[in-house]
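Structural features, examined
Spelled out from the first residue to the last, the chains are:
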Amino acid sequence: MESPFSKVSTIEETLEHFHCGMTLMFGGFGGVGTPPTLIKAILDSGIDRLFLIGNDTGFPEIGIGKIVSAGRAQKLITSHIGSNPFAGKLMEEGKLDVEFSPQGILAERIRAGGVGLKAIVTEIGADNPIIRKGKLQTMIDGSTYLIETALTADVSIIYAEKADTAGNLLYDKSARNTNPLVAMAGNFTIVEAKEIVPVGSLSPEEIITPGIFVDMVVQSKGVDWKWAWETQ
């Protein structure tokens, strides 16, 4: 008998949570740890004008880069876009509004959003006109600090090595990256898992993201792109 607490769903059932103009937060670093099956579902759905929040823009045909390269995003908060030339081109053409946030600060803003804080205070970027543009500033002990707003999203999409049916997750080495933080910061969080196991199969000591942060679990169909190091 299937547990009434099961969060396992189909890819088709996730589509009702995606819509044009939504804020979408994603896990991953250069595509590693970004959910490939969910990315494909979003592309196939035809939605656009997305407001994306995540570490980077992947590569043109890897990770979130597929969505960016297709011109489906209108705004982006990220730490860098250098690995995806389409992102730079769209930004220069005024078709993609990019807010750069130092990587550690970006991660902390996402964490803050996940735990219910409204902002963080940091001196990092206070001397950089690009980083501090349009941001509130404050003085603490004679030094200037930036007030960085916390980040949340309508939906967070993440990738896990293994999930149980209640949404408890563990990750594979560096594919963990920002996924645990992104899972916390979504108003609705969907995890794509390489393997789904029954509740009780995971040791409490090895669970990284508890199921309380997860709303849906879907089975991954596998990576559908070639990694940058495979194309050389």
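Look a little higher up for the structure.
Residues numbered from 1 in each chain as written. Predicted model: local features only at pLDDT ≥ 70, side-chain atom pairs only at ≥ 80, totals over all residues. Heavy atoms only, no water.

1. Focus on the packing of aromatic side chains
We count it as follows: A pair of aromatic rings is counted whenever rings of Phe, Tyr or Trp (Trp by its six-membered ring) have centres within 6.5 Å, and the orientation is called stacked for planes under 30 degrees apart, edge-to-face for over 60 and tilted otherwise. For the exposure calls, accessible area comes from a 1.4 Å probe over protein chains only, and a residue counts as buried if that area is under 20% of its type's maximum, exposed if over 50%, partly exposed in between.
Under the counting rule described, the total for this entry stands at one aromatic pair. On the basis of an interplanar angle of 90° and a centroid distance of 5.6 Å, the ring pair of Trp225 and Trp227 is categorised as edge-to-face. Trp227 carries the same exposure label as Trp225, and that label is buried.

2. Section: the sheet that holds strand S7 (residues 143–149)
So the rule is basically this: A pair of strands is considered paired only if DSSP assigns at least 2 bridges between the two. The way it works is that DSSP assigns letters per residue, a run of H or I at least four long becomes a helix, a run of E at least two long becomes a strand, and they are numbered from the N terminus. Working convention: axes come from line fits to C-alpha atoms, limited for helices to the stretch in contact. Angles between N-to-C directions cover 0 to 180 degrees.
In space, the three strands of this open sheet follow the order S5-S7-S6, with antiparallel pairing throughout. In the strand order of this sheet, the two ends are held by strand S5 (119–122) and strand S6 (137–140), each with one partner. Each neighbouring strand pair of the sheet contributes to a mean axis angle of 35°, computed without reference to strand direction. Pairing of S6 with S7 involves four bridges; the strand directions are antiparallel. Looking at S7, one finds that Met139 is bridged to Thr144.

3. Digging into the pairing of strand S2 (residues 50–53)
The condition is simple: Handedness of a crossover is defined as follows: with both strands directed away from the viewer, a clockwise route from the first strand across the helix to the second makes it right-handed.
Of the two faces of S2, the one lined by Leu50 and Leu52 and the one lined by Phe51 and Ile53 are each fully buried. Bridge count for strand S1 (residues 23–26) against S2 is three bridges, and the pairing is parallel. By the bridge assignment, Met25 is partnered in S2 with Ile53. The β-α-β motif built from S1, the intervening helix H2 (residues 36–45) and the parallel element S2 has right-handed crossover chirality.

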